[in-house]
Amino acid sequence: MRLLLVEDEKRLTDVLAGGLAGEGFAVDVAHDGRDGLWMATENDYDVIVLDVMLPRMNGYAVCGKLRVAEIWTPILMLTAKDGEHDEAEALDTGADDYLSKPFSYLVLLARLRALVRRGGPVRPVSITVGDLTLDPAGLRCRRGEVEIALTPKEFAVLHGLARRPGDVVSKRELLAQAWDFAFDGDPNIVEVYVSALRRKIDAPFGRTSLVTVRGAGYRLEASQ
């Protein structure tokens, strides 16, 4: 799952980005409102964590402009302020949830999972391809009634494929979905995770749902 963190406090950003990456999120970071608005407009995110007090453009303005542009990515607002008027303003500008600093990381994580589970107006709660079902909020996968244990990164790659069943998804697109914006490693790392996924979601069940399209990418099919 891909997350945008818009926060100008570097120390907090480093802590949150590291923790969320460990939970399976591919985290992109912006340190001011204008950069955050641009990134949220140009990229497809599953959820946005947006601070209110930002340089160049505050979080209320960023949230409002995204909603005017009909970008409905779930938004969790963070602020050092506390009070019903600030909460009301956050929700009135289109935020989906609100958390005051200081906050519990576990509460933040739980709220993010709830937002991902809820999704935008056109996002399903779960994704089903044949008898393969993914729960993005819980990072859970099953084939029929059989639970399949995946690492956060394996789940992120599979999620990138399952969102477009039957379509060919390139390595570049999977990197954008499962790794952060600044990734500059070997794109062939995708092959490693695809191989691992085949050993978990296909081989034990005698399926061939994860297909390599040579020179183009990969396709997830509803194999029965």
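Structural data are supplied above this passage.
Scope of this entry: the structure provided in the associated data block. Counting starts from 1 at the beginning of each chain's written sequence and moves along it residue by residue. Where local features are concerned, this predicted model is filtered to residues with pLDDT of at least 70; where side-chain atom pairs are given and counted, the filter is 80 or more; whole-chain, interface and lining totals use all residues. In computing side-chain values, all of the structure's heavy atoms are included and hydrogens and water are not.

## Focus on the pairing of strand S5 (residues 97-100)
Right, on to step 1. Relative accessibility decides the category of a residue: with a 1.4 Å probe and only protein chains considered, values under 20% of the type maximum give buried, values over 50% give exposed, and everything between is partly exposed. Secondary structure follows DSSP: runs of H or I at least 4 residues long count as helices, runs of E at least 2 residues long count as strands, and numbering of each begins at the N terminus. Residues Asp97 and Leu99 of S5 are buried on one face, and the alternating residues Tyr98 and Ser100, pointing to the opposite face, are buried as well.
Right, on to step 2. Sheet topology places strand S4 (residues 75-79) next to S5; four bridges connect them, and they run parallel. What sits directly across from Thr79, in S5, is Ser100. By this definition, two strands are paired if DSSP reports at least two bridges between them.

## Brief notes about the packing of aromatic side chains
Right, on to step 1. Put simply, two rings from Phe, Tyr or Trp (the six-membered ring, in Trp's case) pair if the centres are within 6.5 Å, and we call them stacked under 30 degrees between planes, edge-to-face over 60, tilted for the rest. In total, this model carries zero aromatic pairs according to the counting rule given.
Right, on to step 2. The ring centre of Phe205 lies 5.9 Å from the NZ or CZ of Arg143, which sits over that ring. Two thresholds decide whether a charge sits over a ring: the Lys NZ or Arg CZ must be within 6 Å of the ring centre and within 35 degrees of the ring normal.

## Side note on helix H3 (residues 59-68)
Right, on to step 1. Among all positions of H3, only Gly59, Tyr60, Val62, Cys63, Leu66 and Arg67 are buried. The buried residues of H3 occupy one face: seen down the axis, they fall within an arc of 165°.
Right, on to step 2. Counted as a polar contact is a pair of N or O atoms within 3.5 Å, where, for protein atoms, one must be capable of donating a hydrogen and the other of accepting one, and residues adjacent in sequence contribute only when both atoms are in side chains. Sitting at the amino-terminal end of H3 is Asn58, which places a side-chain oxygen 3.0 Å from the backbone nitrogen of Tyr60.
Right, on to step 3. Taken from the residues just after H3, Glu70 is the one with a positive phi, measuring 60°. To be clear, the arc concerns the directions from the helix axis to the C-beta atoms.

## Examining the packing of helix H7 (residues 171-178) against helix H8 (residues 189-202)
Right, on to step 1. Whenever a helix is involved, its axis is fitted only over the stretch in contact; in every case the axis is a line through C-alpha atoms, and angles between N-to-C directions fall within 0 to 180 degrees. Two elements in contact, H7 and H8, have axes separated by 10 Å at closest approach and are oriented at 80°. It follows that H7 is roughly perpendicular to H8 by the angle criterion. Contact residues: Lys171, Leu174 and Leu175 in H7; Ile189, Val190 and Glu191 in H8.
Right, on to step 2. We call Asp, Glu, Lys and Arg charged. Ala, Val, Leu, Ile, Met, Phe, Trp, Tyr, Cys and Pro are nonpolar, and the rest, Gly among them, are polar. Grouping the amino acids of the contact of H7 with H8 by side-chain chemistry returns four nonpolar, no polar and two charged. Under this scheme an angle from 65 to 115 degrees is roughly perpendicular, one under 35 degrees roughly parallel, and one over 145 degrees roughly antiparallel; angles in between are oblique. Whether two residues are in contact is decided by their heavy atoms, any of which lying within 4.5 Å being enough.

Any functional reading would require information beyond the geometric quantities listed.
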